[in-house]
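Descriptive structure summary
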Amino acid sequence: MAVVVVGGGPAGRALARECAALGVRTTVVDPDPGRPWRATYGAWSDELPAGTPVGLVASRARVVAVREHRLARAYSVLDNERLWRLPEEVEVVAGRVVERTGSGVRLADGRVLTGEVVRATGAVGGRAAQTAVGVVVPAASARPFVGPDEALIMDWRKPPAATTADPTFLYAIPVSADEVLLEETSLARRPGLPLPELRLRLHARLAAHGVPVPEGEERVRIPLDARPGPGAFGAAAGFIHPATGYSVAVSLRRAPVVARALAEGRPVVRSPRERAVHALRMRGLTALLAMGPDEVPEFFDEFFGLSDLHQRAYLGGHDDLGGTVRAMVGLFGLASWRMRARMVLPVH
């Protein structure tokens with residue numbers, strides 16, 4: 001049995017590790033395997049499988065929408081260096097796939113690799129996207145935004161400067177003992193909000209508190225409505241949550257399950273429950289995209305008014321159809337009549 005994983009990001013490497021652990025001959029195809037990952041990967045700590053390489057944990061989290069919500073959940077920042085590592089049993093091939101053959105893939109340089117092919121190249125296509133621009137500042141400089149040992153998941157208060165009415169929020173998480181990532185984020189827009197607008201807003205927030213803009217920045221673009229493909233894994237398989245942009249935690253959780261299916265010669269397919277949950281989440285994305293600038297913070301204010309159980313089910317239960325439905329029904333019950341109409345009959 002042999003597996004060819006096309007894509008060397010967090011999802012592809014997680015799957016490759018699990019396949020190798022089962023004795024499957026595993027190859028990862030990565031166009032630039034030595035390139036460092038510049039993205040910062042965060043996740044709710046309780047959604048990560050045991051053994052996940054974590055660099056730092058904030059023991060508390062906070063959301064600011066219309067009101068402030070303090071969440072009884074820890075938030076983890078992953079250790080990219082350890083997440084990137086692969087066991088020596090996994091062969092890493094630098095190359096670009098140009099054709100899928102009957103028994104594997106053909107690379108641009110003419111090489112042919114044989115095995116069951118799994119595409120883990122990230123989401124491709126679609127028009128809606130989450131975009132963000134972030135900078136890393138000293139923890140002391142970030143105190144006006146986020147406290148020690150805290151993750152600010154969303155702060156929907158408007159920035160001091162903006163040239164459009166599109167809603168954005170500040171995301172702030174510790175990335176080391178003495179540094180914090182501050183990121184201006186557009187949760188969902190079709191097409192994605194341009195990075196210069198996000199940069200303007202972030203810099204205005206920093207200037208309002210006398211925080212100098214450091215050199216370098218993190219740029220994010222996550223497709224939210226790309227069509228999941230067959231034989232795919234990770235973001236390419238529809239693992240991206242359209243209400244958060246997260247996909248790494250579920251990829252890490254699903255990797256052992258998918259690896260077992262591959263080792264047993266079964267196809268890589270999503271279960272009916274996974275497809276149903278994805279469809280409901282996409283319905284939620286449609287409603288979110290239709291909301292006005294002041295309605296989005298109101299929506300999240302109502303969402304974080306749900307029980308902790310419902311929040312967790314909707315945010316992390318990729319195949320929890322019952323939990324997703326109950327969370328959506330609970331949110332509908334909390335919402336104003338105007339918001340209920342937006343949820344049921346979204347109009348752009």
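Attention in this report is confined to the structure presented alongside it. (Residues numbered from 1 in each chain as written. Predicted model: local features only at pLDDT ≥ 70, side-chain atom pairs only at ≥ 80, totals over all residues. Heavy atoms only, no water.)

A sheet is described by the order of its strands in space; here four strands give the open sequence S8-S2-S1-S12, paired in parallel fashion. Each having just a single partner strand, strand S8 (91–94) and strand S12 (116–119) make up the two edges of the open sheet. Across this sheet, the average inter-strand angle for adjacent strands is 20 degrees, counted without regard to direction. Examined bridge by bridge, strand S1 (residues 2–6) and S12 share four bridges and lie parallel to one another. Residue pairing across strands places Val5 opposite Val118, the latter belonging to S12. Against the sheet, helix H1 (residues 10–21) touches S1, strand S2 (25–30), S8 and S12, its axis set at about 165 degrees to S2. (Pairing = 2+ DSSP bridges. Helix = DSSP H or I, 4+ residues; strand = E, 2+ residues; numbered from the N terminus. Axes fitted to C-alpha atoms, helices over the stretch in contact; angles between N-to-C directions. Contact = heavy atoms within 4.5 Å.)

Running from amino to carboxyl end, helix H8 (residues 321–334) crosses helix H9 (residues 337–344) at an angle of 140 degrees, the nearest separation of the two axes being 8 Å. Counting all contacts with H8, which are made through Leu331, Phe332 and Gly333, the residues of H9 involved are Arg340, Met343 and Val344. Broken down by class, the residue content of the contact of H8 with H9 amounts to four nonpolar, one polar and one charged. (Nonpolar A, V, L, I, M, F, W, Y, C, P; charged D, E, K, R; others polar.)

On inspection of all chains with the given rule, the structure shows ten aromatic pairs. Centroid distance Phe303 to Phe304: 5.1 Å. Interplanar angle 90 degrees. Geometry classified as edge-to-face. An aromatic cluster is built from Trp156, Phe169, Phe299, Phe300, Phe303, Phe304 and Tyr314, whose rings are joined through pairwise contacts. Over the ring of Phe332 we find Arg340, and its NZ or CZ is 5.1 Å from the ring centre. The ring of Trp337 carries Arg340 above its face, with NZ or CZ at 4.4 Å from the centroid. (Phe/Tyr/Trp six-rings, centres within 6.5 Å; stacked < 30°, edge-to-face > 60°. Lys NZ or Arg CZ within 6 Å of the ring centre and 35° of its normal.)

Further remarks concern the pairing of strand S7 (residues 75–78). Neither face of S7 is exposed, since Tyr75 and Val77 on one face and Ser76 and Leu78 on the opposite face are all buried. Sheet topology places strand S3 (residues 42–44) next to S7; three bridges connect them, and they run antiparallel. Looking across to S7, one finds that Trp44 is bridged to Tyr75. (Buried < 20%, exposed > 50% of the residue type's maximum accessible area, 1.4 Å probe, protein only.)

Attention now moves to the packing of helix H5 (residues 272–290) against H9. Relative to each other, H5 and H9 sit at 125 degrees, their axes nearing to 8 Å. Looking at the two axes, H5 sits oblique to H9. Residues Arg283, Ala287 and Ala290 of H5 pack against Arg342, Met343 and Val344 of H9. Counted by class, the contact of H5 with H9 contains four nonpolar, no polar and two charged residues. (Parallel < 35°, antiparallel > 145°, perpendicular 65-115°, else oblique.)

Turning our attention to the sheet that holds strand S15 (residues 169–176). Pairing is mixed across the open sheet formed by seven strands, whose spatial order is S6-S5-S14-S15-S16-S13-S17. Edge positions in the sheet fall to strand S6 (68–71) and strand S17 (218–223), since each has one partner strand and no second. Between one strand axis and the next, the sheet turns by 20 degrees as a mean value, whatever way the strands run. Pairing between strand S14 (residues 150–155) and S15: two bridges, direction antiparallel. Among the inter-strand pairings, Leu152 is bridged to a residue of S15, identified as Ala172. Of the strands in this sheet, strand S13 (129–138), S14, S15, strand S16 (179–189) and S17 touch helix H3 (residues 195–208), which is tilted by about 35 degrees from S13.

Quick look at the side chain of Thr26 now. Mapped onto the elements, Thr26 comes out in strand S2. At a separation of 2.8 Å, a polar atom in the side chain of Thr26 contacts the main-chain carbonyl oxygen of Val24. (Polar contact = N/O pair within 3.5 Å; in protein donor to acceptor, adjacent residues only side chain to side chain.)

With that out of the way, let us pick up H1. In an α-helix, one turn spans 3.6 residues; hence positions three or four apart end up facing the same way. Between its first and last C-alpha, H1 extends 17 Å over twelve residues, near the 16 Å set by a 1.5 Å rise per residue. Of all the twelve residues making up H1, nine are buried; the element is thus mostly covered by neighbouring parts of the structure. Among the residues of H1, those classed as buried are Pro10, Ala11, Gly12, Arg13, Ala14, Leu15, Ala16, Cys19 and Ala20. Residues of H1 that are buried in the fold lie against S1, S2, helix H2 (80–84), S8, S12 and helix H4 (248–263). In the segment just after H1, Gly23 is the residue with positive phi, at about 85 degrees. (Expected span 1.5 Å × (residues − 1).)

Evaluation of the coordinates by the stated rule reveals 27 salt bridges. When the shortest N-O distance is used, the salt bridge between Asp79 and Arg82 registers 3.0 Å. With relative accessibility at 21%, the residue Asp79 sits in the partly exposed group. Using a relative accessible area of 37% as the deciding quantity, one classes Arg82 as partly exposed. Residues Arg190 and Asp225 are paired through a salt bridge, measuring 3.3 Å at the closest nitrogen-oxygen approach. With Arg190 in the loop between S16 and H3 and Asp225 in the loop between S17 and H4, the pair connects residues that are 35 residues apart, well separated along the chain. Several salt bridges converge on common partners, so that one network encompasses Asp46, Glu47, Arg73, Asp308 and Arg312. (Salt bridge = Lys/Arg side-chain N within 4 Å of Asp/Glu carboxyl O.)

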